[in-house]
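What the coordinates show
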Amino acid sequence: MSTSEVLPQGAGYGVVIGIGLFFSAFMVGLTALQARYTGVSPKDSEEFSSASRSVKPGLIASGIVSAWTWAATLLQSSAVAYRYGISGPWWYAAGATVQVLLFAQLAAKLKLNAPYAHTWLEIVAARWGTTAHLIFMVFGLATNLIVSSMLVLGGSATVTSLTGMSTIAACFLIPLGVAIYVVVGGMRSTLLCDYTHTTVLFAIIFTFVFTVYATSDYIGSIGRMHYLLSEVSQITPVAGNAGGSYLTLRSQNGLIFGVINLIGNFATVFQDQAYWQRAIASRPSTTVKAYLIGGLAWFAIPFAFSTTLGLAAVAFSAVPAANSLSQDPLSSSFIPMLAPLSQGAISEGLPASLAAATLLGKSGAAALLVVLFLAVTSATSAELIAVSSILTYDVYVRYINPKATEQQILRMSHAGVVIFALVMGIAGVIFYYIGVSMGWLYTFMGVILGSAVCPIALCITWKKANKVGCISGALVGFAAGIIAWLVTTSTLNQKVINVTTSGGNYEMLAGNLASIAVGAIISTAISLIWPDDYDFASTRAINGRSAAISRNVNDELEESEDEKKVPDVTVSSVSNEAQIDPELDPVALNKAFKFAARASIVLTLVLLILIPLPLFGAQTVYSVTGFSVWVIVGIIWTFMSAFAVVLYPLWESRAALRLISRGVVKDIFSPGSGKFVAPSSIKEPGE
């Protein structure tokens, strides 16, 4: 069964434009509700770019899950499951979870060493000056561009395959609706949108999971899936897998992909302002908690999704097209429901769309289209606000108008969103025409971005990090990654270098390893030989007073709602709070950093070493029992993730929800009476 035009072309435009505009209108309305009933309004730059640094951990965790759920999360994870069997989902999920867990350490150090920075590049500029700032800005913006291109390419390829919609139109229309609500609502609106998208995402994932493993006529049980995968392993064994089976973690190519995935995703977390933005928006006391919850919750999405649709796409090649399930799949008259996909189709992420359309027909195609669109748009909103912050604070304020007023900064923030939305569309079209797919970009990103990972981490966390060493590490590592990638491609492909030959596992592995390793070795070695002795005083001074005032006023207003008392907000009290913020207590933040280090390192060892490597070495091909445990654990993990990022944010926001509900009720029965009024105005000392 082909998914070609399973849905009419109008459905594609309906989803991309209709749902996009619906969510834009929804978020605009939600922003208006917040402004009217809570007093929180994105009309100042601090609220627009960082949500006044007051967001609670559940919503931050939901935002992390949403920002890290790209088109590739759903499509590429299913593609590697289709290629390598059950090892693909594990290496995809684990290889992209540990970065978020380890980022918790950087988030803790951010709150300790630069609590009022707007971007990670501001920290680089304050510590190492203009040259380093410009060099690392190139790495940062390149990260945003590559991530955004993958979002657009993956989204447009699937929309086109399911509906026949123009790929070019999809590339430009996908960012359009997102830009509207980001411009109107800023960072807080983005996080609220992330929450709604994440909620729908989990609902649709559960739909696919229970369809495949419980109700489908084609599969319908874990045992049936195991049988079909075993049959396919005999028909088309997987090269490099134990026994050629799809039911083993002993997968040579799966392991290679895992290494590539691990390196590339370090770059796209540590260098992507979207993840720093969430750390900046988070309350200092709960930043580490948010990143650990977000990382563990995210693991379930690619693991459950690809273990469901990726493996289903494989299984359908052992299901007779005539739907006669009693027919012998190995008989000479056997015609598979799905013919094997080309490497190009796999790289575009089409196994998931094939499986969804085969399982549920138009309903499955529509569900995948919606979930993919939501994943793409939520990650797109994160990229738009991230690049807007860089263009505003690291380009406009630093180099063009250092004395910019509040309104000028806000206008530039809005313009930055629109500018990058257009750039996303143009980049997607360019990559589409030169034949670069989402899968190729996904494995390539570590080659050109990996070299800056270690230097950036050292800049934020280590007082001995040497400026020259870290800049040299980033640049030399970049060159080493490109050289290793091209030389390996030439050597393994009779000196033929093109998009096809350069995208192989060994070619990308060489480039990824060279880039991150050379960058790390040079930056660390030079810093040890010629150590700096930096006290982070200049980074702690970044934007100090205005950010603190904004967050503390919001905190006082929220506490007043919880405790039903009127806060006494004076200029002197706010100023003192800005200088000595209880949540910025160095002892507490150092304790949080140590906890983040222990927790993230232990979880990283479990996910990358203790679980997969013994199973890789054992060459076990799972029985029905083993495979059942594998699937059931994934389903349980998915339920726990849904509780963590769907229900928990509602509980922790109950005070704000009560405040809004009370205001709405008042307005219904006495129009105009529900509008939020600040409990007290700011008074001068002694007034």
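Analysis parameters
- Residues numbered from 1 in each chain as written.
- Predicted model: local features only at pLDDT ≥ 70, side-chain atom pairs only at ≥ 80, totals over all residues.
- Heavy atoms only, no water.
- Helix = DSSP H or I, 4+ residues; strand = E, 2+ residues; numbered from the N terminus.
- Buried < 20%, exposed > 50% of the residue type's maximum accessible area, 1.4 Å probe, protein only.
- Polar contact = N/O pair within 3.5 Å; in protein donor to acceptor, adjacent residues only side chain to side chain.
- Contact = heavy atoms within 4.5 Å.
- Core = buried A, V, L, I, M, F, W, Y, C linked by side-chain atoms within 4.5 Å.
- Salt bridge = Lys/Arg side-chain N within 4 Å of Asp/Glu carboxyl O.
- Phe/Tyr/Trp six-rings, centres within 6.5 Å; stacked < 30°, edge-to-face > 60°.
- Lys NZ or Arg CZ within 6 Å of the ring centre and 35° of its normal.
- Patch = residues over 30% accessible without salt bridge, like charges linked within 9 Å, V, L, I, M, F, W, Y side chains within 5 Å.
- Areas by Shrake-Rupley, 256 points an atom, 1.4 Å probe, with all protein chains shown as cover.
- pLDDT = per-residue confidence, 0-100.
- Expected span 1.5 Å × (residues − 1).
- Bend = angle between axes of the 7 residues up to and from the residue.
- Axes fitted to C-alpha atoms, helices over the stretch in contact; angles between N-to-C directions.
- Parallel < 35°, antiparallel > 145°, perpendicular 65-115°, else oblique.
- Left-handed = near helix turned anticlockwise from the far one by under 90°.
- Nonpolar A, V, L, I, M, F, W, Y, C, P; charged D, E, K, R; others polar.

Once that is clear, we can look at the side chain of Ser66. Summarising the element assignment, Ser66 is placed in helix H3 (residues 57-68). Using a relative accessible area of 2% as the deciding quantity, one classes Ser66 as buried. There is a polar contact of 3.3 Å between the side chain of Ser66 and the side chain of Asp194. With sequence-adjacent residues up to four places away left out, Ser66 is seen in contact with Asp194, His197, Thr198, Ser378 and Ala379.

Before going further, it helps to spend a moment on the nonpolar core. In summary, soluble globular proteins display a tendency toward joint burial of nonpolar side chains. Counting 211 residues, the largest nonpolar core has Trp70, Phe103, Phe136, Met225 and Phe627 as the members making the most contacts within it. Sort the elements by how many residues they give to this core and helix H14 (residues 350-400) lands first, with 28 residues.

Glancing now at unusual backbone geometry. Residues other than glycine seldom take positive phi values, yet Phe536 does so here, at roughly 65°. Along the polypeptide, Phe536 turns up in the loop between helix H19 (505-529) and helix H20 (537-540). For Phe536, a relative accessible area of 6% gives the class buried. A positive phi angle, close to 60°, is found at Gln619, a residue other than glycine. Along the chain, the position of Gln619 falls in the loop between helix H24 (612-618) and helix H25 (624-652).

Before going further, it helps to spend a moment on the side chain of Ser641. Along the chain, the position of Ser641 falls in helix H25. Apart from the residues lying within four places of it in its own chain, the contact partners of Ser641 are Phe202, Leu296, Ala297 and Ala300.

Attention now goes to the pattern of salt bridges. Applying the stated criterion across every chain, the model contains 1 salt bridge. Notably, a salt bridge pairs Asp194 with Arg278, separated by 2.7 Å at the nearest N-O pair. On the criterion of sequence distance, the pair formed by Asp194 in helix H8 (residues 167-215) and Arg278 in helix H11 (residues 273-281) is long-range, its members being 84 residues apart. Of the two residues examined, Asp194 and Arg278, each falls in the buried class.

Glancing now at the packing of aromatic side chains. Counting across every chain of the model gives 33 aromatic pairs. Measuring from centroid to centroid gives 5.5 Å for Phe303 and Trp630, while their planes differ by 55°, and the two rings are tilted. Of the two residues, Phe303 is situated in helix H12 (residues 287-315) and Trp630 in helix H25; the sequence distance between them amounts to 327 residues. We note that Phe303, like Trp630, is buried. Three or more aromatic residues link up through ring pairs in this structure, and these residues are Trp68, Trp70, Tyr92, Phe257, Tyr275, Trp298 and Tyr442. Here Lys109 stacks its cationic end above the ring of Phe593, 4.6 Å away from the centre of that ring.

A cluster of nonpolar side chains, namely Phe172, Val418, Leu422, Ile426, Ile430 and Ile434, defines an oily patch on the protein surface of about 540 Å² accessible area. Considering every element that reaches the nonpolar patch, the biggest residue donor is helix H15 (residues 406-433), with 4 residues. In this structure, Ile434 sits in the loop between H15 and helix H16 (438-449).

Quick look at the confidence of the model for the protein now. The predicted model of the protein averages 83 in pLDDT, with 88% of residues at 70 or higher. Within the protein, the lowest mean pLDDT, 39, falls on helix H22 (residues 571-579), and the highest, 95, falls on helix H18 (residues 467-492). Contacts for the low-pLDDT stretch residues 681-687, under 50 throughout, to residues beyond four places or in other chains number 11 contacts.

In this model helix H1 (residues 9-37) runs 41 Å from its N-terminal to its C-terminal C-alpha over 29 residues, within 8% of the 42 Å that 1.5 Å per residue would give. The inward-facing, buried residues of H1 contact helix H7 (130-163), H8, H14 and helix H26 (654-669).

For H12, built from 29 residues, the straight-helix expectation of 42 Å at 1.5 Å per residue is met to within 8% by its first-to-last C-alpha distance of 42 Å. If you look at H12, its biggest bend is around 35°, right at Ser306.

Attention shifts here to the packing of helix H9 (residues 222-235) against H25. Relative to each other, H9 and H25 sit at 120°, their axes nearing to 9 Å. Relative to H25, the element H9 lies oblique. Considering only the axes of H9 and H25, their crossing is right-handed. Contact with H9, carried on its side by Ile222, Gly223, Met225, His226 and Leu229, involves Val624, Phe627, Ser628, Val631 and Ile632 of H25 and no other residues of that element. Across the contact of H9 with H25, the residue classes break down as 7 nonpolar, 3 polar and no charged.

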